[in-house]
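One-letter residues, chain by chain:
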Amino acid sequence: MTGASGGCQCGAVRYHIEGPLGHAGICHCRMCQKAFGSFGAALVSAPVEHFTWTRGRPSEFRSSPIVARGFCAACGTPLYMRDDGDPNIELAIGTLDDPNAAPPQTQVGVESKLAWFDGMPHLPKQTTNENNPLAAEGRYPTRQHPDHDTEHWP
């Protein structure tokens, strides 16, 4: 397959985009902050006509009368947002098997940007193992789906 694939953390929902990804950006609006439980949402567009669910289907929440937000009902991973009638779906960049393929190019909703966001690059940095001795000891076996398509789930 060409294009890009991705899915939720547990693997119950997977998708594929045939062809190139579209515009990538970060949305700081309050709805995206709530929907992602984070500073906002890193999203990349893909034409719906080239988008396919390859395993399972997400649940949806209507965050406004014209916007649907999809998520995995099994693990809670936020997957997308889509305005009614938009020819594109806006996928959560972190759900791509290769999130580095979609570097954000813009920021929108900056009126709601958290005051500390711009200081993040200056925070001290550690690997997971440096920060968490239990992880370094291998005491966190993963139940996360691998970053590629599999024939069977789980």
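These lines cover the structure that appears in this document, whether it is placed above or below. Predicted model only: the values in this text are computed from it and were never measured.

**Quick look at the sheet that holds strand β9 (residues 88-92)**
Taken together, the seven strands give an open sheet; going across it, the order is β6-β7-β8-β9-β4-β3-β10, and neighbouring strands pair in mixed fashion. Each edge of the open sheet is held by one strand with a lone partner, namely β6 (59-64) and β10 (106-108). The mean inter-strand angle of the sheet, taken between neighbouring strand axes irrespective of direction, is 30 degrees. In this sheet, strand β7 (residues 67-71) lies alongside β6 in antiparallel orientation, the contact comprising five bridges. Residue pairing for β7: Ser64 is matched across the bridge by Val67.

**Quick look at the pattern of salt bridges**
Counted according to the given criterion, the structure contains four salt bridges. Between Asp97 and Arg14 there is a salt bridge; the shortest N-O distance is 2.7 Å. Separated by 83 residues along the polypeptide, Asp97 in the loop between β9 and β10 and Arg14 in strand β2 (residues 14-17) bring together distant segments of the chain. Arg14 serves as the salt-bridge partner of Asp149, at 2.6 Å between the closest nitrogen and oxygen. Residue Asp149 is found in the segment after α3 (133-136), and its partner Arg14 is found in strand β2; the two are separated by 135 residues along the sequence.

**Observations regarding a nonpolar patch on the surface**
Taken together, Trp116, Met120 and Leu123 make up a surface patch of nonpolar side chains, about 310 Å² in accessible area. Counting through the fold element by element, Met120 comes out in the loop between β10 and α2 (128-131). Residue Met120 is classed as partly exposed on the basis of its relative accessible area, which comes to 32%.

**Brief notes about the pairing of strand β1 (residues 4-7)**
Side-chain alternation along β1 places Ala4 and Gly6 on one buried face and Ser5 and Gly7 on a second face that is also buried. Of the strand pairs in this sheet, β1 and β2 are connected by four bridges, and their pairing is antiparallel. Paired with Ala4 across the bridge in β2 is Ile17. Linkage of β1 to β2, two consecutive antiparallel strands, is achieved through a turn of six residues, within which Gly11 is found at a positive phi near 95 degrees.

**Digging into the packing of aromatic side chains**
Given two aromatic rings, their pairing is described by the distance between the two centres and the angle made by the two planes. What the rule picks out here adds up to five aromatic pairs. For the ring pair Tyr15 and Trp53, a centre distance of 6.1 Å and an interplane angle of 90 degrees mean the geometry is edge-to-face. Placement of the pair is Tyr15 in strand β2 and Trp53 in strand β5 (residues 51-55), with a sequence separation of 38 residues. Considered together, Tyr15 and Trp53 belong to a single accessibility category, that of buried residues.

**Details of the sheet that holds β2**
A sheet is described by the order of its strands in space; here three strands give the open sequence β1-β2-β5, paired in antiparallel fashion. Unpaired on one side and paired on the other, β1 and β5 mark the two borders of the sheet. The sheet shows a mean angle of 25 degrees between the axes of neighbouring strands, direction not considered. Note: β2 against β5, four bridges, orientation antiparallel. The residue bridging Tyr15 from the neighbouring strand is Trp53, located in β5.

Calculation rules
Sequence order as written defines residue numbering, which begins from 1 separately in each chain. Per-residue local features are limited, in this predicted model, to residues with pLDDT of at least 70; the limit for side-chain atom pairs, both in listing and counting, is 80 or more; totals at the level of whole chains, interfaces and linings are taken over all residues. Side-chain numbers come from the whole structure's heavy atoms, not from hydrogens or water. Here, any two strands with at least 2 DSSP bridges between them count as paired. By the criteria applied, helices consist of DSSP H or I runs no shorter than four residues and strands consist of E runs no shorter than two, each listed in order from the N terminus. In this analysis an axis means a line fitted to C-alpha atoms, helices contributing only their contacting stretch, and an angle means the value between N-to-C directions, from 0 to 180 degrees. The salt bridge definition used is simple: a Lys or Arg side-chain nitrogen within 4 Å of an Asp or Glu carboxyl oxygen. Patch membership requires more than 30% relative accessible area and the absence of a salt bridge. Residues of like charge join within 9 Å; the nonpolar side chains Val, Leu, Ile, Met, Phe, Trp and Tyr join within 5 Å. Per-residue and other accessible areas were derived by the Shrake-Rupley procedure at a 1.4 Å probe size, with only the shown protein chains allowed to occlude residues. Type-normalised accessible area, obtained with a 1.4 Å probe on protein chains alone, sets the label of each residue: buried when under 20%, exposed when over 50%, and partly exposed for intermediate values. Each pair of aromatic rings taken from Phe, Tyr and Trp, with Trp reduced to its six-membered ring, is defined by centres within 6.5 Å and is described as stacked if the planes are under 30 degrees apart, edge-to-face if over 60, and tilted in the remaining cases.

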